[in-house]
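# Close look at the chain arrangement
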Amino acid sequence: ILVPTDFSETANAALDTAIEFAKRFGARIQLHHAYHLEVPPLYAGFGGDFSTTADLLGPIQESADAAMDKLVEDTRSRGVEAEGRVAMEHASTSIVEESKRLPADLIVMGTRGLTGLDHLFLGSTAERVVRLASCPVVTVKGPA
């Protein structure tokens, strides 16, 4: 069972559902966190150096890795085999590709509930995954 996470309450609700499925069907969970940031090089001033995206993204990657390690350990402590992966990629593309790579039998993910212009221009990650995934997708609403 592939469980995408952004470490939010909504993603945690989806993980709770996935853990129930995993226990019932003897499945393992693959947690997946994908993030994408477009950061141009930053100029430090005349005669100075440019900051690279690695300078800026290193702490973000470390934070994501630490959060993933904790989530994997928490999931295992609930009696389910689990692994985690962090990728610097667009979320929906990364989730669909990960589901093919595993291959996943099921994706369980949270919804964010974008409305209005945000939904019109951005769509939602969950909506794109439902459209593009080759396996079933269960979406879970987060706490109200």
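Preceding this section is the structure that the text describes.
A few points on the structure.

Moving on to the pattern of salt bridges. The tally for this structure, following the rule as stated, stands at four salt bridges. With a closest N to O distance of 2.9 Å, Asp74 and Lys70 form a salt bridge. Of the two residues, Asp74 and Lys70 are both situated in helix H2 (residues 53-77); the distance of four residues between them amounts to about one turn of the helix. Judged by relative accessible area, Lys70 falls into the exposed class, the value being 53%. The closest approach of N and O atoms between Glu98 and Arg101, which form a salt bridge, is 2.8 Å. One end of the pair is Glu98 and the other is Arg101, both in helix H3 (residues 91-101) and three residues apart, which spans about a single turn. In this structure Glu98 comes out as buried when scored by relative accessible area, which is 2%. For Arg101, a relative accessible area of 52% gives the class exposed. The network of salt bridges with common partners includes Arg85, Glu98 and Arg101.

Parameters at a glance
Residues numbered from 1 in each chain as written. Predicted model: local features only at pLDDT ≥ 70, side-chain atom pairs only at ≥ 80, totals over all residues. Heavy atoms only, no water. Salt bridge = Lys/Arg side-chain N within 4 Å of Asp/Glu carboxyl O. Helix = DSSP H or I, 4+ residues; strand = E, 2+ residues; numbered from the N terminus. Buried < 20%, exposed > 50% of the residue type's maximum accessible area, 1.4 Å probe, protein only.

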